[in-house]
Amino acid sequence: MTQPSSPIRALTAGMADVARAPLLLAGVALITLVIALPFAAVLQSRLQASLSVQPHVSLNETEIDPEWWMEFRAHARGLAASFTPAVLGFAATLDGISNVLDGRPVPAAIIAPLVLSMVAWAFIWGGALQRFRAGRGIGFRGFLAAGRAHVGRFVTIAVVAAAINFVLYLTVHRLLFGPVHALLTGFTGTERDAFLVRMFLYLIFFGLIATVSLGADYARIATISGRSASSMDALRTSVAFIASHAGAVAVLFILTGLIFAAATIGYGTLEVVGGSEVGGWRAVAIGQLYVLVRLALRLTFAASELRLFTANQAAAAE
Amino acid sequence: MQAGRLPRDGGAIEVRYLTARELSAQAPRLSTAATAAVTLLQDWFGPFPAESLTVAGTPWRGSDHGTALPGLVTAPLRWIAPVRDQSMERAIIGALVRQYFAPDVAASQPFVDSLITYAATRAVHHLLEGSNFAAPRFFGGFVPFPLRTVLLSPPVGDPRPRVAGFAELAVRTDGRDLRGVRALESLERYVGWPTMLAALSQLRMRDASEWTALALADALSTLRGTDMRFLVQECVRADAVFDYAIGDLRSQAVASGQVETTVTIVRRGTGRFAIRDNGGAAAGTLPVAVRFADGREIRDVVDGGAESATLVYTAPAPAVRAVVDPDVILLLDADRANNAVVRDAKMSKLGIRLAMHWLAWLQNTMLSYAALS
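Residues numbered from 1 in each chain as written. Chains lettered and ligands numbered in written order. Predicted model: local features only at pLDDT ≥ 70, side-chain atom pairs only at ≥ 80, totals over all residues. Heavy atoms only, no water.

### Here we look at the domain arrangement of chain B
All names here are of chain B.
- If you check the domain split of chain B, you get domain 1 (2-236) and domain 2 (244-342).
- Contacts between the two partners involve 16 residues from domain 1 and, on the opposite side, 16 residues from domain 2.
- Summed over both sides, the interface of domain 1 with domain 2 buries roughly 1,500 Å², with 62% coming from carbon and sulfur.
- On the surface where domain 1 and domain 2 come into contact, there are one salt bridge.
- Of the charged contacts in the structure, one is a salt bridge between Glu234 and Arg272, with a shortest N-O distance of 3.6 Å.
- Applying the counting rule to domain 1 against domain 2 returns four residue pairs in polar contact (both at pLDDT 80 or more).
- Those elements that place two or more of their residues in the side of domain 1 that touches domain 2 are helix H4 (177-191) and helix H7 (229-236).
- Residue contributions to the side of domain 1 that touches domain 2 peak at seven residues, all from H4.
- When the residues that make up the side of domain 1 that touches domain 2 are grouped by side-chain class, the tally is seven nonpolar, two polar and seven charged. (Domains from an automatic or database assignment. Contact = heavy atoms within 4.5 Å. Buried area = accessible area lost by both parts, 1.4 Å probe. Salt bridge = Lys/Arg side-chain N within 4 Å of Asp/Glu carboxyl O. Polar contact = N/O pair within 3.5 Å; in protein donor to acceptor, adjacent residues only side chain to side chain. Helix = DSSP H or I, 4+ residues; strand = E, 2+ residues; numbered from the N terminus. Nonpolar A, V, L, I, M, F, W, Y, C, P; charged D, E, K, R; others polar.)

### A short note on the interface of chain A and chain B
- Taken together, the contact pairs 94 residues of chain A with 65 residues of chain B.
- Each partner contributes to the roughly 7,200 Å² buried at the junction of chain A and chain B, and carbon and sulfur atoms together form 68% of this total.
- Linking chain A with chain B are one salt bridge, by the criterion used here.
- Between Arg78(B) and Glu191(A) there is a salt bridge; the shortest N-O distance is 2.8 Å.
- Our count for the contact surface shared by chain A and chain B stands at 18 residue pairs in polar contact (both at pLDDT 80 or more).
- Looking at the side of chain A that touches chain B, the elements with two or more residues in it are helix H2 (22-52), helix H3 (66-75), helix H4 (90-102), helix H5 (111-134), helix H6 (139-186), helix H7 (191-224), helix H9 (246-274) and helix H10 (280-317) of chain A.
- When grouped by side-chain class, the residues that make up the side of chain A that touches chain B number 54 nonpolar, 25 polar and 15 charged.

### Some points on the nonpolar core
- Grouped together as the largest cluster of nonpolar side chains are 197 residues, with contacts concentrated most on Phe83(A), Tyr218(A), Leu299(A), Leu96(B), Phe273(B) and Trp358(B).
- Element by element, the count of residues in this core is highest for H7(A), at 15 residues.
- Taken domain by domain, this core gets at least three of its residues from each of domain 1 (2-236) and domain 2 (244-342) of chain B.
- If sequence neighbours within four positions are ignored, Leu96(B) has contacts with Ala34(B), Ala37(B), Val38(B), Leu41(B), Phe48(B), Leu53(B) and Val73(B). (Core = buried A, V, L, I, M, F, W, Y, C linked by side-chain atoms within 4.5 Å. Buried < 20%, exposed > 50% of the residue type's maximum accessible area, 1.4 Å probe, protein only.)

### Thoughts on empty space enclosed by the protein
- On inspection of all chains with the given rule, the structure shows nine cavities of 30 Å³ or more.
- Roughly 50 Å³ of internal volume is contained in the second largest cavity.
- What lines the second largest cavity is simply Met118(A), Trp121(A), Ala122(A), Trp125(A), Phe154(A), Ala158(A), Arg220(A), Arg298(A), Ala370(B) and Ser373(B).
- If you list the elements that add at least two residues to the lining of the second largest cavity, you get H5 and H6 of chain A.
- The biggest single contributor to the lining of the second largest cavity is H5(A), with four residues.
- Partitioned by chemical class, the residues of the lining of the second largest cavity number seven nonpolar, one polar and two charged. (1 Å grid on protein atoms, 1.4 Å probe; cavity = no way out; pocket = protein on both sides within 12 Å on 5 of 7 lines; lining within 4 Å. Points joined across faces, edges and corners; volume = space filled by probe spheres on them.)

### Some thoughts on a nonpolar patch on the surface
Residues and elements named next belong to chain A.
- The grouping of Ile111, Val115 and Val119 at the surface amounts to a nonpolar patch, some 230 Å² of accessible area in total.
- Within the fold, Val119 resides in helix H5.
- By relative accessible area, which is 37% here, Val119 ends up partly exposed. (Patch = residues over 30% accessible without salt bridge, like charges linked within 9 Å, V, L, I, M, F, W, Y side chains within 5 Å. Areas by Shrake-Rupley, 256 points an atom, 1.4 Å probe, with all protein chains shown as cover.)

### Observations concerning the packing of aromatic side chains
- With the rule as written, the count across this model stands at 27 aromatic pairs over all chains.
- Pairing Trp121(A) with Trp125(A) gives two aromatic rings, centres 5.0 Å apart and planes at 40°, and the pair type is tilted. Taken together, the positions of Trp121(A) and Trp125(A), both in helix H5 and four residues apart, correspond to about one turn of that helix. Comparing Trp121(A) with Trp125(A) shows no difference in burial state: the two are buried.
- With centroids separated by 4.9 Å and ring planes inclined at 65°, the aromatic side chains of Tyr169(A) and Phe205(A) adopt a geometry described as edge-to-face. A residue pair is termed long-range when its members are at least 10 positions apart, and Tyr169(A) in helix H6 and Phe205(A) in helix H7 qualify at 36 residues. Both residues of the pair, Tyr169(A) and Phe205(A), count as buried.
- Within the aromatic cluster, the residues linked to one another by ring pairs are Trp44(B), Phe45(B), Phe48(B), Tyr100(B), Phe101(B), Trp193(B) and Trp211(B). (Phe/Tyr/Trp six-rings, centres within 6.5 Å; stacked < 30°, edge-to-face > 60°.)

### A word on the environment of Ser131(B)
Residue and element names in this part refer to chain B.
- Its place among the elements puts Ser131 in the loop between helix H3 (110-127) and strand S6 (133-134).
- With 90 residues separating them along the chain, Ser131 and Leu41 place their C-alpha atoms 19 Å apart.
- For Ser131, the residues in contact, after removing those within four places along its chain, are Arg84, Gln86, Leu151 and Ser153.

### Some words on the sheet that holds strand S16 (residues 308-315) of chain B
Residue and element names in this part refer to chain B.
- If you trace the three strands from one edge of the open sheet to the other, you get S10-S11-S16, paired in antiparallel fashion. Bordering the open sheet on either side are strand S10 (244-253) and S16, each of which pairs with just one other strand. Ignoring strand direction, the axes of neighbouring strands in this sheet form an average angle of 15°.
- Bridge analysis of strand S11 (residues 259-267) against S16 gives eight bridges, and the strand direction is antiparallel. Across the sheet, the residue bridging to Val263 is Leu311, located in S16. (Pairing = 2+ DSSP bridges. Axes fitted to C-alpha atoms, helices over the stretch in contact; angles between N-to-C directions.)

### Let's talk about the confidence of the model for chain B
Residue and element names in this part refer to chain B.
- In the predicted model, chain B carries a mean pLDDT of 87, and the fraction of residues at 70 or more is 90%.
- Mean pLDDT across the secondary structure elements of chain B bottoms out at strand S4 (residues 67-69), with 72, and peaks at S11, with 96.
- In the predicted complex, the global pTM is 0.83; the interface-specific ipTM is 0.92. (pLDDT = per-residue confidence, 0-100.)

### Focus on the pattern of salt bridges
All names here are of chain B.
- A complete count under the given rule lists 25 salt bridges over all chains for this structure.
- Across the pair Arg137 and Asp85 runs a salt bridge, and its minimum N-O distance is 3.0 Å. Placement of Arg137 in strand S7 (residues 137-138) and of Asp85 in the loop between strand S5 (72-77) and helix H2 (87-101) is noted, with a sequence separation of 52 residues between them.
- The class for Arg137 is partly exposed, based on a relative accessible area of 21%.
- Beyond isolated ion pairs, a larger network of salt bridges with shared partners links Arg291, Glu297, Arg299, Arg321, Asp327 and Asp344.

Encoded structure:
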């Protein structure tokens with residue numbers, strides 16, 4: 001008789017799945033890089049144009065002339081307007097997470113790469129989940145075939161999840177971080193308490209959007225597992241699975257979240273302690289390494305979810 | 001509460017430092033900043049204008065600005081305040097400068113607002129040299145992350161540029177005085193800091209009702225021996241738009257292996273960065289740098305009041321670069337991109353590195369938002 005998988009066992013197996021698929025990780029990293037590179041090239045041409053008319057300033061390799069930056073930002077439009085100090089090193093990570101939690105509007109100029117990324121992930125999930133389900137390499141053609149076969153449904157699932165999250169931002173987020181936040185911080189006497197209130201509200205809102213994301217994740221897994229005939233059917237299967245295995249699903253999510261938090265704190269600590277030793281090109285390399293870690297973790301989480309889903313569905317079937 | 005004394009014109013200023021109990025660990029930073037600022041400002045502008053001073057670190061409630069009433073300055077203390085985040089120090093310095101010029105902010109004039117913000121910016125650069133970093137805040141503004149790569153106040157004497165204004169120092173929270181600050185910073189870059197400081201000091205000795213742009217111009221004119229009134233008035237004129245550009249850069253071969261280069265500088269804005277004396281005679285104010293293919297560089301000066309100016313050079317090599325205002329004196333220039341024609345542009349490593357940072361930021365952002373779908 002098949003035993004239901006525990007979250008820890010699923011996570012361990014998911015890690016092993018990703019470790020056995022280094023080409024998959026490399027391919028996913030390459031795809032995300034290829035999506036982002038053209039936009040970076042556009043920005044780079046604008047930076048070069050601006051830097052070419054600046055007086056030569058003798059700076060250390062790791063330093064940036066703040067006056068030039070202010071001047072550049074004053075005239076920046078489109079992609080260039082997103083070139084703020086928050087793009088440097090670990091600040092970029094904080095900015096990405098903070099923007100999601102604070103619900104800051106996405107700059108219009110980066111909507112295109114975000115949409116491209118969403119479509120690319122819809123394609124990647126088809127190949128990656130098929131690879132994890134098979135438990136062995138499926139080859140480049142197999143990956144492409146699986147990606148093509150599921151991209152339509154996965155785009156639908158992604159759009160539904162994004163739409164629900166969008167509505168959550170427009171309603172719950174505005175309520176929580178508007179009047180509720182103002183009311184609760186009004187009772188606090190110190191900034192520390194106000195920050196704790198904000199953290200508490202982050203937890204509530206993050207819980208909601210995480211639930212939606214989990215729904216999308218298990219809908220993709222249900223599709224790959226052949227347990228649904230349509231995207232809507234997959235979403236229903238996903239909701240039913242999450243409802244009946246809420247504890248295991250939540251624990252797996254929290255465990256993966258803790259690994260993500262540890263990696264992020266480690267990155268931040270490295271930058272704070274390392275100082276100028278990790279500036280310049282080293283900071284660029286470390287930043288790319290961190291992106292790779294995030295991608296590996298995203299794939300690991302998906303592989304673990306697949307393990308959890310498959311084992312528990314099999315146990316239930318018996 | 002802590003108390004102390006600071007020397008003042010043969011006597012002493014009684015100083016009290018107030019902080020909330022949970023923020024008392026920051027009291028030493030508060031007193032260090034205030035002591036250094038009062039000492040510097042007395043050196044610049046004379047005895048402190050009050051016999052006692054209360055410096056209060058206030059709990060944060062959304063504003064990063066310091067406030068000032070006669071004999072009282074406040075600055076918000078943040079719960080998370082790493083040493084490299086000097087926003088509290090900037091706010092204290094800004095508030096102390098206001099003690100000298102206009103403790104009653106509501107009564108101040110736009111020019112005085114700009115003057116205060118400018119003087120405060122200058123004081124910040126002097127006092128926080130080498131330790132004043134950009135520190136963006138995240139998670140609702142609660143969590144700062146100082147960036148060691150963006151030093152806002154390089155050491156005094158270091159030719160590296162300094163930013164012209166800080167949000168914490170703006171007297172007008174809408175930031176409108178920042179245009180005036182850039183005007184005064186431009187004048188400083190033209191006349192030099194010692195002259196500007198002497199002019200500010202003279203202005204400060206006059207009655208507050210005489211703290212005007214004209215009075216500053218008079219002081220600068222006396223100090224430099226040149227009529228500066230036209231230049232100062234143009235710079236502080238709120239509706240003056242400054243925009244200088246290289247209109248044309250042309251090189252063509254002439255006899256005996258020489259190349260004739262013609263550089264045309266045009267004024268596209270209404271603002272004139274120019275010197276005019278009583279008789280209307282002009283003097284050169286705008287530097288122009290022309291670099292040739294053989295590495296030679298020639299510097300000239302043109303009249304910023306003219307609608308256009310043409311420079312002609314005969315040299316062994318063609319020009320590859322012409323820049324008007326190459327040292328960025330005129331911070332009010334609306335579009336620096338047209339200040340140069342560059343034909344020898346090289347790929348800057350810095351540009352590539354910055355684009356790579358942005359690339360990682362975009363990848364992180366894509367990953368964060370991809371998790372929502």
